[in-house]
Amino acid sequence: MKKIPVLLILIWFCSCEDSNLCTETIKGKPDYDLIGKSDYDTVKSLFSTNNLSLDNFWVYCLQKDDLGHRHVRCQQYANNLQVFSDEVIFHFNSQNQYYFLSGEIIPGIDISSDPRMSKIEVMKLFFDIVDEDGHFSSDNFKNDCLQCEIGYYDLNAGTGNSTHNFKLAWRIQREDYDFPYAYINDTEKSKIYYDNGIRY
């Protein structure tokens, strides 16, 4: 999981024009995983035993249920960009045999990985989305860092349409906060999805 032929993580910190905001722009698979070394060694063993590759996956959770089955949750990458809409779970039985996949492995995405939107455009649209929603005010973010990640999003995900409609997209949120966040269509410069974290 940690090794791929070309690993690009490009992070820039800067101050935005006419603003005290700082931004972190992420492109590429992280060079770390969100599980401990022991769990990661287990995952590597499971994948190796079953002739599965970890190259395009980033492990963020390993679970073991009451039956001794293990479930490996991964984010997947294409062209070294995260596929935001298509996480996968690999399931292994108590004999460490791979028996099921939740989700779909995306073999490749044949669209450009070069964004059209600038970070400033992404942030401005995010602030407009936040203010339109009304639960937060973008004025409260003026001293926060924003994290922007470029990746792919399948606009048909969750619609029941089995065909794919991938677009280059941004995920943007305040650094160190889970909410609010938004996915933004880089091609159309429009909102794909927004979550303010409010649950009723």
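Everything here concerns the structure above.
Here's a quick rundown of the structure. (Residues numbered from 1 in each chain as written. Predicted model: local features only at pLDDT ≥ 70, side-chain atom pairs only at ≥ 80, totals over all residues. Heavy atoms only, no water.)

Some details on the overall build of the protein chain
On a plain count of helices and strands, the protein chain comes out with 2 helices and 11 strands. Element order for the protein chain, N to C, with α for helix and β for strand: β-β-α-β-β-β-β-β-α-β-β-β-β. In the protein chain, which comprises 200 residues, the share counted as buried stands at 42%. Sequence-distant contacts, at least 24 apart, represent 52% of the contacts inside the protein chain between residues at least 6 apart. (Helix = DSSP H or I, 4+ residues; strand = E, 2+ residues; numbered from the N terminus. Buried < 20%, exposed > 50% of the residue type's maximum accessible area, 1.4 Å probe, protein only. Contact = heavy atoms within 4.5 Å.)

A few points about the pairing of strand β9 (residues 166-174)
With 7 of its 9 residues buried, β9 lies for the most part within the structure. Across 9 bridges, the pairing between strand β8 (residues 145-154) and β9 is antiparallel. Across the sheet, the residue bridging to G151 is A169, located in β9. By the bridge criterion, 5 bridges tie β9 to strand β10 (residues 181-185) in an arrangement that is antiparallel. Bridging across to β10, Q173 finds its partner in Y181. The antiparallel pairing of β9 with β10 creates a hairpin that spans 6 residues between the two strands, and D176 there sits at a positive phi of about 75°. (Pairing = 2+ DSSP bridges.)

Regarding the pattern of salt bridges
Scanning the entire structure with this criterion turns up 6 salt bridges. Salt bridges linked by common partners bring K37, D41 and K44 together as one network. (Salt bridge = Lys/Arg side-chain N within 4 Å of Asp/Glu carboxyl O.)

Digging into the nonpolar core
Formed by 25 residues in total, the largest nonpolar core has its most connected members in I109, F126, Y152, W170, I172 and I184. Elements supplying a minimum of two residues to this core: β5 (81-83), α2 (119-133), β8, β9 and β10. Counting residues per element, this core draws most heavily on α2, at 7 residues. Those residues within four positions of I172 in sequence are excluded, and the remaining contacts are V122, M123, F126, L146, Q147, C148, P180, Y181, A182 and I184. Membership of the second largest hydrophobic core comes to 15 residues, among which are Y40, V43, L54 and L62. (Core = buried A, V, L, I, M, F, W, Y, C linked by side-chain atoms within 4.5 Å.)

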